[in-house]
Amino acid sequence: TSATMYILLVIIVVTKQGAMASEDGRSRMSASAPIFIQASLICFCNVTAAMEYNYMNFFPTPPFVIELGQVSWQLTHGMPPFIYLLLNKTVKRNLRRLFGLEKKQVKDLT
């Protein structure tokens, strides 16, 4: 079902290409690109593991494919934090703050 949802997301993004004609539309599309990339990478991990497990259910499977399926299942659950750490600016900024490498900026209201 998640693959179907991401396919629908791609269709919606592609159909909104008409919004790219304006400067505002282009800025909105470029702002959502990192989110789309993160979601696509996570979905790829999920789909890969699901396809391998479906294959193993219906066909005789050599041991290396079983091990590959197990590793991909583990990556499905372990990759999202790394994807967020590498690609999400908010997560990176909050992690730097957590370790004291960056101070929180306070806006001057005067």
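Residues numbered from 1 in each chain as written. Predicted model: local features only at pLDDT ≥ 70, side-chain atom pairs only at ≥ 80, totals over all residues. Heavy atoms only, no water.

The chain has the name G protein-coupled receptor in an unreviewed UniProt entry, where Pristionchus entomophagus is given as its organism.

(A) Fine view of the overall build of the chain. Counting its regular elements, the chain contains four helices and zero strands. Per-residue burial over the chain gives 15% buried out of 110 residues. Sequence-distant contacts, at least 24 apart, represent 45% of the contacts inside the chain between residues at least 6 apart. For the chain, the exposed area adds up to about 8,900 Å²; of that, 69% sits on carbon and sulfur atoms. (Helix = DSSP H or I, 4+ residues; strand = E, 2+ residues; numbered from the N terminus. Buried < 20%, exposed > 50% of the residue type's maximum accessible area, 1.4 Å probe, protein only. Contact = heavy atoms within 4.5 Å. Areas by Shrake-Rupley, 256 points an atom, 1.4 Å probe, with all protein chains shown as cover.)

(B) Focus on a nonpolar patch on the surface. A surface patch of nonpolar side chains, amounting to about 810 Å² of accessible area, comprises Phe82, Tyr84, Leu85, Val91, Leu95, Leu98, Phe99 and Leu101. The set of elements that each furnish at least two residues to the nonpolar patch consists of helix 3 (63-87) and helix 4 (89-98). For Tyr84, the position within the fold is in helix 3. (Patch = residues over 30% accessible without salt bridge, like charges linked within 9 Å, V, L, I, M, F, W, Y side chains within 5 Å. Salt bridge = Lys/Arg side-chain N within 4 Å of Asp/Glu carboxyl O.)

(C) Structural context of the packing of aromatic side chains. Considering all chains together, one arrives at two aromatic pairs under this definition. Judged by centre distance (5.8 Å) and plane angle (65°), the ring pair of Tyr53 and Trp73 falls under edge-to-face. Residue Tyr53 is located in helix 2 (residues 23-58), and its partner Trp73 is located in helix 3; the two are separated by 20 residues in the primary sequence. Residue classification places Trp73 among the partly exposed residues on the basis of a relative accessible area of 42%. (Phe/Tyr/Trp six-rings, centres within 6.5 Å; stacked < 30°, edge-to-face > 60°.)

(D) The packing of helix 3 against helix 4, seen in detail. Two elements in contact, helix 3 and helix 4, have axes whose closest approach is 6 Å; the angle formed by their N-to-C orientations is 85°. Considering their axes alone, helix 3 and helix 4 lie roughly perpendicular with respect to each other. On helix 4, the residues touching Tyr84, Leu85, Leu86 and Leu87 of helix 3 are Lys89, Val91, Lys92 and Leu95. (Axes fitted to C-alpha atoms, helices over the stretch in contact; angles between N-to-C directions. Parallel < 35°, antiparallel > 145°, perpendicular 65-115°, else oblique.)

(E) Summary view of the environment of Phe36. Examined against the element boundaries, Phe36 turns out to sit in helix 2. Since its relative accessible area comes to 30%, Phe36 is described here as partly exposed. Distance from Phe36 to Val13, taken between C-alpha atoms, is 9.5 Å for residues 23 residues apart in sequence.

(F) The arrangement of the side chain of Glu52 in detail. Tracing the sequence through the fold places Glu52 in helix 2. Buried and without a salt bridge, Glu52 has Lys92 as its closest oppositely charged side chain, separated by 28 Å. Look past the residues within four positions of Glu52 in its chain and what remains in contact with it is Leu68, Gly69 and Ser72. (Lys, Arg positive; Asp, Glu negative; His and termini not counted.)

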